[in-house]
Amino acid sequence: MLRCRTLWLAGCLCAIIASSAVSQETIRWAPNLPAALTMASKQNQLVLVHFWAPGCGPCMALERNVFSRPEVAQALARDFVAVKINAEAMPDTARKYKVDRWPMDVVVTPAGYPLHSMVSPQDPNEYMQTLYRVAAQRRPGER
């Protein structure tokens, strides 16, 4: 019986450690666009503005298939401050960045100047490669 409890406790401990390691690999979304711009300025990073909408099927698929991947979180953290914007709740911001469908991503400088926009790729590798390409082409300190 003691052996069963020991094994059970060891299993629980492993599960806790594994879940904390996974949670460290999630995307850290800024709470809003002004905060993202400020953070990007301080960290010399670009801002990834992700536009989505609650009833959007492709948006939910992107959450499951792309944003849940640790490697995507790592790729974003390296060069970007990420922020999500509900395009339906903030139509003025969506219009400002010429967002006419979603999911859509706009990469901006810390000053808010748009550099690149794209309909969000549903493939994690394509998503990361696009971000790498944009970041390599333009760093925030260059403008």
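Keep in mind that what you see is a predicted model, and the values were worked out from it rather than measured.

Draft legend 1. Focus on the packing of helix H4 (residues 70-79) against helix H6 (residues 124-137). At a minimum axis distance of 10 Å, the contact between H4 and H6 shows a crossing angle of 10 degrees. In terms of their interaxial angle, H4 and H6 are classed as roughly parallel. Residue-level inspection shows Glu-71, Val-72, Ala-75, Leu-76, Arg-78 and Asp-79 of H4 in contact with H6, the latter providing Pro-124, Tyr-127, Met-128, Leu-131, Tyr-132 and Ala-135. Across the contact of H4 with H6, the residue classes tally to 9 nonpolar, no polar and 3 charged.

Draft legend 2. Main features of the side chain of Thr-93. Tracing the sequence through the fold places Thr-93 in helix H5 (residues 91-96). Since its relative accessible area comes to 17%, Thr-93 is described here as buried. If we ignore the near neighbours within four places in the chain, the residues touching Thr-93 are Leu-33, Phe-51 and Ile-85.

Draft legend 3. Expanded view of the packing of aromatic side chains. In this structure the tally under the stated criterion is 3 aromatic pairs. Relative to Phe-67, the ring of Trp-29 lies with its centre 5.1 Å away and its plane at 75 degrees, an arrangement referred to as edge-to-face. Residue Trp-29 is found in strand E1 (residues 29-30), and its partner Phe-67 is found in helix H3 (residues 57-67); the two are separated by 38 residues along the sequence. Its relative accessible area of 7% is what places Phe-67 among the buried residues. For the ring pair Phe-67 and Tyr-127, a centre distance of 5.6 Å and an interplane angle of 85 degrees mean the geometry is edge-to-face. Here Phe-67, found in helix H3, pairs with Tyr-127, found in helix H6; they are 60 residues apart in sequence, far enough to count as distant. Among the aromatic residues, those joined into a ring-pair cluster are Trp-29, Phe-67 and Tyr-127.

Draft legend 4. Local environment of the pattern of salt bridges. According to the stated counting rule, one finds 5 salt bridges in the structure shown. As a salt-bridge pair, Arg-78 and Asp-79 come within 3.0 Å of each other at their nearest N and O atoms. In this structure, Arg-101 and Asp-100 form a salt bridge, with 3.6 Å as the shortest nitrogen-oxygen distance. On the basis of relative accessibility, which here comes to 45%, the residue Arg-101 falls in the partly exposed class.

Draft legend 5. Structural view of the side chain of Asp-105. Locating Asp-105 in the fold gives a position in strand E4 (residues 104-108). Despite its burial, Asp-105 pairs with no opposite charge; the closest candidate is Lys-84, at 9.8 Å N-O. A polar contact of 2.6 Å, which involves the side chain of Asp-105, links it to the side chain of Ser-120. Discounting residues that sit within four places of it in the chain, Asp-105 has contacts with Leu-48, Val-49, His-50, His-116, Ser-117, Met-118, Ser-120 and Tyr-127.

Conventions we followed
- Residues numbered from 1 in each chain as written.
- Predicted model: local features only at pLDDT ≥ 70, side-chain atom pairs only at ≥ 80, totals over all residues.
- Heavy atoms only, no water.
- Axes fitted to C-alpha atoms, helices over the stretch in contact; angles between N-to-C directions.
- Helix = DSSP H or I, 4+ residues; strand = E, 2+ residues; numbered from the N terminus.
- Parallel < 35°, antiparallel > 145°, perpendicular 65-115°, else oblique.
- Contact = heavy atoms within 4.5 Å.
- Nonpolar A, V, L, I, M, F, W, Y, C, P; charged D, E, K, R; others polar.
- Buried < 20%, exposed > 50% of the residue type's maximum accessible area, 1.4 Å probe, protein only.
- Phe/Tyr/Trp six-rings, centres within 6.5 Å; stacked < 30°, edge-to-face > 60°.
- Salt bridge = Lys/Arg side-chain N within 4 Å of Asp/Glu carboxyl O.
- Lys, Arg positive; Asp, Glu negative; His and termini not counted.
- Polar contact = N/O pair within 3.5 Å; in protein donor to acceptor, adjacent residues only side chain to side chain.

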